[in-house]
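What follows is each chain in one-letter form.
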Amino acid sequence: MSEIGEPLPSAPTEPVHATASTLDGKGCLQEGGLLHIVKENSRLREQMTVLQLELEEKTRQLSELEQHLKDVLQDRAEREERLNKRIRDCHLALAKQSTPGVKYMTKKMEVESSRMKQDLEEAQSRNHYLQEQIGIQRQLLTEQEQQLQDSWRASAQLQAQIMMYEAELEQAQGEMLTALQKMEDEKNQAIEEVFQHARSEMKIVHDNLNGVRMNLLSIQPALKTLTSDYNCLKNHVRDFPCLLQDAVSQTKKEIYQAVEEAKEINQDLLRKYKREMQLRKKCHNELVRLRGNIRVLCRVRPITREDGAGPDNRNVVSFDQDDDAVLYVSHRGKTSMFELDKVFQPYALQADIFREVQALITSCIDGYNVCIFAYGQTGSGKTYTMEGLPEDPGINQRALQHLFGEVAERSTDWDLTITVSMAEIYNETLRDLLGSDPQKTEDLTMRNLLAKDPSEKLEIKLSPDGSGQLYVPGLIQIRVQSVDDINKVFELGRVNRATDFTNVNERSSRSHALLIVSVTGINLTSGVRTTGKLNLVDLAGSERVGKSGAEGPRLREAQNINKSLLALGDVICALRSKQPYIPFRNSKLTYLLQDSLSGDSKTLMMVQVSPMEKNVNETICSLKFAQRVRSVELGAAGRRVENQHCSSRQECELESSLSAAQQGRHNSYPGGNIVGKSTAGKRRLVASSELNH
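Now for a description of the structure that goes with this document. All figures in this text were calculated on a predicted structure; none of them were measured in a lab.

What to know about the overall build of the protein
Here comes step 1: Regarding its fold elements, the protein presents 14 helices and 19 strands.
Here comes step 2: Looking at the protein as a whole, 38% of its 693 residues qualify as buried.
Here comes step 3: Contacts in the protein between residues at least 24 apart in sequence constitute 75% of all its contacts with a sequence separation of at least 6.
Here comes step 4: For the protein, the accessible surface area stands at approximately 41700 Å², while carbon and sulfur atoms represent 53% of it.

Structural data, given as structure tokens:
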């Protein structure tokens, strides 16, 4: 080893460092072997520590069992002492109660007096009582003996467990000693192997060192060549910043040019994508019309200041900026996507909502049955969408205003009459919202219209004209001709509707409200008579009783609301799977909507959802139900037309077709020009009877 440290007079500094590096490499090999031994020793120590912990655990369990055995033995001794004491007490009691020397004899004798007979009966009854007491004491003695035997058996089981744990403890100790001895042998063997390996490595290092010394003499010419190359590279490095700057500038120009080209391509692709999306939506709407699917729109209500702040009120709903038919709901770290016909974001206006359903409402003038119903949890904004505010009305009032405009526009060719009815389904009972006490109505005309028997019961029945349509006998119909008439009718219906305060909504609707608009028209030229009906339904909100805090009558209302909505879900499920029997009669709500859901109507569902975290479960349930409704195929809607002047059915159908073609410019809803063939088959549809006031 002394030779390694001696300097060579003819060798330069760099080769000496190379030799030292070689020696360090060989020393690293020795250190690696020693590290392996240290790691192995650490592993063995960890195993020994684990075994010691297991031994301590077994010892602790043994001490616990011994303590438990002592407690059991002490308890058994106390029970034996109590049992012996009771036995002694029983013996003493028997000794006191028993009469020594009593002999039982049976003789016939005559009782001379009633006193002796009475004493004899008392003695016999006392003897019988003492016999019963002896039987009871014997039974108690038997039970105590049984308990004593159970204690002995438990003691024997505990002793057997103690012996088993002791055996396991001895076995663990033996295994630990064996493992320790084995680890010691393995450690000694590893140390010997490392020592032998280090010795052989040192020999190899000495041999390599001699070779390195010979190589140092031949390296000097190569070192001179490397020095000249280094100087050349140094000059290149000095000129490199200028070259690099030129190359970076050229590369930036090329990148900017490529980015601009990519932007132009992306914008072109985006325009094509939006055009394809519009075309797809148009094709989808046409397919929906041909199939007769229920159109489903979604409106997300905004988070207001009254909702408060906090983690439960954060927004969990997001939207697709390129597709207005898709929204996303985040819940428990997962994001669910829901696709409907159109999604309105929280900033959408009442006018935007009505613009989407306007064409559908117009088609009721042409003799189609139309139904629009709002669905969603309590407090999601259904009543606001349907009724709105006086300064910002909803679908109901805007629909009638639009119908008035259509009536005025067609007045030269058509004689159109609009009547309205308002009803609610409260606790599975159909109530007329326009049938309240007429004395509470200030307007004289309205008071005359509402004069009816308040105790009259309303029921849903089949129309007697044979059309298969449903109607409600006795339901008040009011002819409206202006906005003032609408406001009076709406105000009366709003006052009579059942609402109350809950934990979820300050003014919660406790019933399903229906606005029924009937439009009857007669063509002044051809005599064609059309009858259309528009059902605008504000469903009561689905709610969880625990969250809404409903009690007493409110609890019964909530149960009936949820029951009717569940029946609506059953009907949708049956329609979706095309079952032969549809359970419309399971609820008054589904029975009244049978015309709108049985294939002879244009139906639209407005699902209202809340974007807050605390309502995410109800939001997901509402959207899943909306997707199921969207997949229901009702078939193409039929137009209800009747010609009063045609001599034959063929002439009637021809004139109806011509009349519908002339009115096509007024009806922008897809399918508005189709004339009178319902899904039930080819039949003549007769307009339902109306009450003209």
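Moving on, there is more to tell.
Quick look at the environment of phenylalanine 344
Here comes step 1: With respect to the helices and strands, the residue phenylalanine 344 is situated in strand E5 (residues 342-344).
Here comes step 2: Remark: the alpha-carbon pair of phenylalanine 344 and cysteine 298, spanning 46 residues in sequence, is separated by 6.0 Å.
Here comes step 3: Filtering out sequence-adjacent residues up to four positions away, phenylalanine 344 remains in contact with Leu297, Cys298, Arg299, Val300, Asp352, Ile353 and Glu356.

What to know about the side chain of asparagine 615
Here comes step 1: Inspection of the secondary structure assignment puts asparagine 615 in the loop between strand E18 (602-609) and helix H13 (616-630).
Here comes step 2: One polar contact links asparagine 615 to serine 610, side chain to side chain, over a distance of 3.0 Å.

Notes on the sheet that holds strand E4 (residues 334-339)
Here comes step 1: In spatial order, the strands read E2-E3-E4; together these three strands make up an open sheet with antiparallel pairing. Sheet topology places strand E2 (317-319) and E4 at the edges, where each strand pairs with a single neighbour. In this sheet, neighbouring strand axes are inclined to one another by 30° on average, regardless of whether the strands run parallel or antiparallel.
Here comes step 2: Where E2 lies against strand E3 (residues 326-331), three bridges are found, and the strand directions are antiparallel. In the strand pairing of E3, serine 318 is matched with tyrosine 328.
Here comes step 3: Here H13 sits on the sheet in contact with E3 and E4, set at roughly 145° to E3.

Let's talk about H13
Here comes step 1: Given a rise of 1.5 Å per residue, 15 residues ought to cover 21 Å, and the 21 Å separating the end C-alpha atoms of H13 matches this to within 8%.
Here comes step 2: Residues Val616, Glu618, Thr619, Ile620, Ser622, Leu623, Phe625, Ala626, Val629 and Arg630 constitute the buried set of H13.

Regarding the packing of aromatic side chains
Here comes step 1: Per the stated rule, a full pass over the model turns up one aromatic pair.
Here comes step 2: Just above the ring of phenylalanine 344 sits the side chain of lysine 342; from NZ or CZ to the centre is 5.6 Å.
Here comes step 3: Seen from the ring of tyrosine 368, lysine 602 lies directly overhead, with NZ or CZ sitting 4.1 Å from the centre.

Considerations on the packing of helix H10 (residues 553-576) against H13
Here comes step 1: For the pair H10 and H13, the least separation of the axes is 9 Å and the interaxial angle reads 40°. By the angle between their axes, H10 is oblique relative to H13. Here H10 and H13 pass one another in a crossing that is left-handed. Counting all contacts with H10, which are made through Leu568, Gly569, Ile572 and Arg576, the residues of H13 involved are Phe625, Arg628 and Val629.
Here comes step 2: Here the residues of the contact of H10 with H13 sort into four nonpolar, one polar and two charged.

Observations regarding the pairing of E4
Here comes step 1: Of the strand pairs in this sheet, E3 and E4 are connected by six bridges, and their pairing is antiparallel. Paired with tyrosine 328 across the strands is methionine 337, a residue of E4.
Here comes step 2: The turn joining E3 and E4, which pair antiparallel and follow one another in sequence, is formed by two residues; a positive phi near 55° is taken by arginine 332.

Quick word on the pattern of salt bridges
Here comes step 1: Within this structure, the stated rule accounts for 19 salt bridges.
Here comes step 2: The residue aspartate 268 makes a salt bridge to arginine 271 at a minimum N-O spacing of 3.4 Å. Pair noted here: aspartate 268 and arginine 271 are both in helix H3 (residues 114-291), with a separation of three residues, about one helical turn.
Here comes step 3: When the shortest N-O distance is used, the salt bridge between aspartate 341 and arginine 630 registers 3.2 Å.

Describing empty space enclosed by the protein
Here comes step 1: One pass over the structure, following the stated rule, counts six cavities of 30 Å³ or more.
Here comes step 2: Here the largest cavity is characterised by a volume of approximately 160 Å³.
Here comes step 3: Along the wall of the largest cavity there are 16 residues; nearest its centre are Glu387, Asn396, Met422, Phe490 and Ala513.
Here comes step 4: Looking at side-chain class alone, the lining of the largest cavity contains nine nonpolar, three polar and four charged residues.

Some words on the nonpolar core
Here comes step 1: Residues Cys298, Leu327, Met605 and Val607 are the most contacted members of the largest nonpolar core, which totals 53 residues.
Here comes step 2: Ignoring any residue separated from it by four or fewer positions in sequence, one finds methionine 605 in contact with Ile294, Arg295, Val296, Leu297, Phe373, Tyr375, Phe625, Ala626 and Val629.
Here comes step 3: Membership of the second largest hydrophobic core comes to 41 residues, among which are Val357, Leu416, Met422 and Leu492.

Thoughts on a nonpolar patch on the surface
Here comes step 1: A surface patch of nonpolar side chains, amounting to about 250 Å² of accessible area, comprises Ile219, Leu223 and Leu226.
Here comes step 2: Looking at where leucine 223 falls in the secondary structure, it is placed in helix H3.

Thresholds, definitions, all that
Residues numbered from 1 in each chain as written. Predicted model: local features only at pLDDT ≥ 70, side-chain atom pairs only at ≥ 80, totals over all residues. Heavy atoms only, no water. Helix = DSSP H or I, 4+ residues; strand = E, 2+ residues; numbered from the N terminus. Buried < 20%, exposed > 50% of the residue type's maximum accessible area, 1.4 Å probe, protein only. Contact = heavy atoms within 4.5 Å. Areas by Shrake-Rupley, 256 points an atom, 1.4 Å probe, with all protein chains shown as cover. Polar contact = N/O pair within 3.5 Å; in protein donor to acceptor, adjacent residues only side chain to side chain. Pairing = 2+ DSSP bridges. Axes fitted to C-alpha atoms, helices over the stretch in contact; angles between N-to-C directions. Expected span 1.5 Å × (residues − 1). Phe/Tyr/Trp six-rings, centres within 6.5 Å; stacked < 30°, edge-to-face > 60°. Lys NZ or Arg CZ within 6 Å of the ring centre and 35° of its normal. Parallel < 35°, antiparallel > 145°, perpendicular 65-115°, else oblique. Left-handed = near helix turned anticlockwise from the far one by under 90°. Nonpolar A, V, L, I, M, F, W, Y, C, P; charged D, E, K, R; others polar. Salt bridge = Lys/Arg side-chain N within 4 Å of Asp/Glu carboxyl O. 1 Å grid on protein atoms, 1.4 Å probe; cavity = no way out; pocket = protein on both sides within 12 Å on 5 of 7 lines; lining within 4 Å. Points joined across faces, edges and corners; volume = space filled by probe spheres on them. Core = buried A, V, L, I, M, F, W, Y, C linked by side-chain atoms within 4.5 Å. Patch = residues over 30% accessible without salt bridge, like charges linked within 9 Å, V, L, I, M, F, W, Y side chains within 5 Å.

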